[in-house]
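Analysis of the macromolecular model
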Amino acid sequence: MLTAKLIDATAKRAAKEKRAITITDATMRGIGSLRLRLSPGGTALWIYRYTTSDGKRDDLPIGGYGTKAGCLSLEQARTQAAQYASLYREGHHDLRAYLDAKVAAEAAQLRERGEESQRLAAGNLDALLDAYVGYLKDKNAPSAKDVESIFNLHVRILPGLVQKRANEITPHDLRAIFDRQQQMGLRRALGKTRAAMHSAFNLAAKSEFDSTIPLSFRSFKVLTNPVASLPTYSQLSKPGDRVLSHAELRTLLLALKADERMSVKTLLIGLYLGGQRPAQLARVTASDVDLERGIITLHDGKGRRTHPRLHVLPITDAIRPVIEQLCAINADAPSLFSSDGQSIPHTTTLSKLVLEIGKRAYQLKDVRRTAETELAAIGVSKDIRAQILSHELGGIQARHYDRHSYLPEKTDALEKWARHLDGIERGNVVTLRRGA
């Protein structure tokens, strides 16, 4: 039987003989043994030796011997060895593997409890909506204000829903939003709401593994996107076919030219540039204008582009004086069309203006469609119209191989277009052909 006296004597002998000596406690038999291994350097390690199920001996470390922190006295070592012996009697003959598995299971349970605690503390849907709008604003996305308005009008109107944790939202929960919109006949709003909600949840779901997404989205602990399983409602989005007549286009031109407001010039310049998207044109700054080369550069971020595509257009003689004036006035403003030198014109304001001019007979989006229709009517080819209007340019050939700017072709087309608009304004245009 081990005693403190025997241990001290053995430690001295190990140091004198310069070899490790192992001594055994005789209090345990047949179910393993408690041993103490003493090294020449003075360290002592408690070991529980047992026979595994395949007949091999295994020395399971228990801890150091002594009075220092983390070390065990003789009585403490015997208590620990007795616990191992009890497990051995229960049939756990592969004791090391059993203990390793137990430690791993306890760590997993602790981790799961931590994750569950974080999940329960995760932000609600209202906070996720705020995070997504903030994300769009940080990126200077033109859609930020529209998305914020959509959430306020169509989602936050359901307080019980937005107060629910984002990671607990189900497709069934979201159905209340879209059922309400369909009952109200809000077809366009329905599609826009679904797209915004899908993007918000997508960012949260992907944030754990995508370092490009702000870390704040991880706090929502969203694992799946509940919007993904909902229908896209594309069947409710009927493509528009409204085209302005020459009389309506003439009225619009005269009204735009008579209005001296800076923001209104966004519509006028956009029209003379072939029907550019107002949201993109409104974000053009003086630095995007090269008067010497006669070009203006828009940043087309529409769709899923990570970086906006540069959309270069020629400045024709018809709009050059206005562009020069705008550059002089808003040289340091965030928009070439800023009314106060600090803000960017919003499409909502421009949409209301077009509705007023047209007495609600047509909308802002119809003006772009009209421009392309008229460009086709005066003989501008489909390919050049696509280059002017910056659409259908996402193929492999356009992205990687076709680096031609088409500036000469765009210049010819827009000069022809300016003459056509002037003719419409004077009321003496006769359309020679349609199509192309």
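Residues numbered from 1 in each chain as written. Predicted model: local features only at pLDDT ≥ 70, side-chain atom pairs only at ≥ 80, totals over all residues. Heavy atoms only, no water.

The next thing to look at is the overall build of the protein chain. Counting its secondary structure elements, the protein chain contains 17 helices and 7 strands. Of all 436 residues assigned to the protein chain, the portion counted as buried reaches 42%. Intrachain contacts of the protein chain at a sequence separation of at least 6 include 58% that bridge at least 24 residues. Put simply, the protein chain shows about 24100 Å² of open surface, and 52% of that area lies on carbon and sulfur atoms. (Helix = DSSP H or I, 4+ residues; strand = E, 2+ residues; numbered from the N terminus. Buried < 20%, exposed > 50% of the residue type's maximum accessible area, 1.4 Å probe, protein only. Contact = heavy atoms within 4.5 Å. Areas by Shrake-Rupley, 256 points an atom, 1.4 Å probe, with all protein chains shown as cover.)

This part takes up unusual backbone geometry. Phi is positive for Asn 140, close to 55 degrees, though the residue is something other than glycine. Within the secondary structure, Asn 140 is located in the loop between α4 (125–138) and α5 (144–154). Its relative accessible area of 52% is what places Asn 140 among the exposed residues. If you check the backbone angles, Arg 360 has positive phi at about 65 degrees while not being a glycine.

Judged by nonpolar contacts, the single largest core of 49 residues is most densely connected at Ile 296, Ile 323 and Leu 336. When contributions to this core are tallied by element, the ones reaching two or more residues are α9 (246–258), α10 (264–272), β6 (295–300), α12 (320–329), α13 (347–357), α14 (364–377), α15 (382–389) and α17 (407–426). Other than its neighbours up to four places away in sequence, Leu 336 contacts Met 262, Val 284, Thr 285, Ala 286, Val 289, Ile 323, Leu 326, Cys 327 and Asn 330. Counting residues in each nonpolar core, the second largest holds 36 residues, with Ile 150, Phe 178, Met 197 and Val 222 among its members. (Core = buried A, V, L, I, M, F, W, Y, C linked by side-chain atoms within 4.5 Å.)

A grouping of Asp 317, Glu 409, Asp 412 and Glu 415 is seen on the molecular surface, where their side chains present a negatively charged patch. If you trace the backbone, Glu 409 turns up in helix α17. (Patch = residues over 30% accessible without salt bridge, like charges linked within 9 Å, V, L, I, M, F, W, Y side chains within 5 Å. Salt bridge = Lys/Arg side-chain N within 4 Å of Asp/Glu carboxyl O. Lys, Arg positive; Asp, Glu negative; His and termini not counted. Charge placed at Lys NZ, Arg CZ, Asp CG, Glu CD.)

Take the pattern of salt bridges next. For the structure on display, the rule yields 22 salt bridges. Its salt-bridge partner being Glu 17, residue Arg 19 comes within 2.6 Å of it at the nearest N-O pair. Residue class for Arg 19 comes out partly exposed when judged on its relative accessible area of 39%. Asp 300 is the partner of Arg 277 in a salt bridge, and the nearest nitrogen-oxygen pair spans 3.7 Å.

Now for the pairing of strand β4 (residues 57–64). Two strands pair when backbone bridges link them, and strand β3 (residues 44–51) and β4 are joined in this way by 7 bridges, in the antiparallel orientation. Across the sheet, residue Tyr 48 finds its bridge partner in β4, namely Leu 60. Remark: 5 residues form the turn of the hairpin made by β3 and β4, two consecutive strands paired antiparallel; Gly 55 in that turn has positive phi of roughly 85 degrees. (Pairing = 2+ DSSP bridges.)

So, about the side chain of Thr 316. Mapped onto the secondary structure, Thr 316 falls in the loop between β7 (309–314) and α12. Among all residues touching Thr 316, those that are not within four sequence positions of it are Leu 414 and Glu 415.

A few words now on the pairing of β3. With 6 bridges connecting them, strand β2 (residues 33–38) and β3 associate as antiparallel partners. If you follow Leu 34 over to β3, its bridge partner there is Tyr 48. Where β2 folds back on β3, the antiparallel hairpin that results is connected by 5 residues, among which Gly 42 adopts a positive phi of roughly 105 degrees.

Interpretation of the predicted coordinates at a detailed level should be avoided for regions scoring low in pLDDT. Of the residues in the protein chain, 89% reach a pLDDT of 70 or more, and the chain-wide mean stands at 88. The model gives residues 396–403 a pLDDT under 50, and that stretch makes 5 contacts with residues more than four places away or in other chains. In this model, residues 432–436 is a region of pLDDT below 50 whose contacts with residues beyond four sequence positions or in other chains number 13 contacts. (pLDDT = per-residue confidence, 0-100.)

Of all 8 residues making up α15, 6 are buried, and the element is well covered by its neighbours. Among the residues making up α15, those that are buried are Ile 384, Arg 385, Ala 386, Gln 387, Ile 388 and Leu 389. One or two positions beyond α15, positive phi appears at Ser 390, with a value near 55 degrees.

What the 4 strands build is an open sheet, ordered β1-β2-β3-β4; its pairing is antiparallel. Each edge of the sheet is formed by a strand with only one pairing partner; in this case those strands are β1 (21–25) and β4. Strand-to-strand twist in this sheet, taken as the mean axis angle between neighbours without regard to direction, amounts to 30 degrees. In the packing of helix α1 (residues 4–17) onto the sheet, contacts are made with β1, β2 and β3, and the angle to β1 comes to roughly 160 degrees. Its contacts with the sheet put helix α2 (residues 74–89) on β1, β2, β3 and β4, and the angle it makes with β3 is roughly 20 degrees. (Axes fitted to C-alpha atoms, helices over the stretch in contact; angles between N-to-C directions.)

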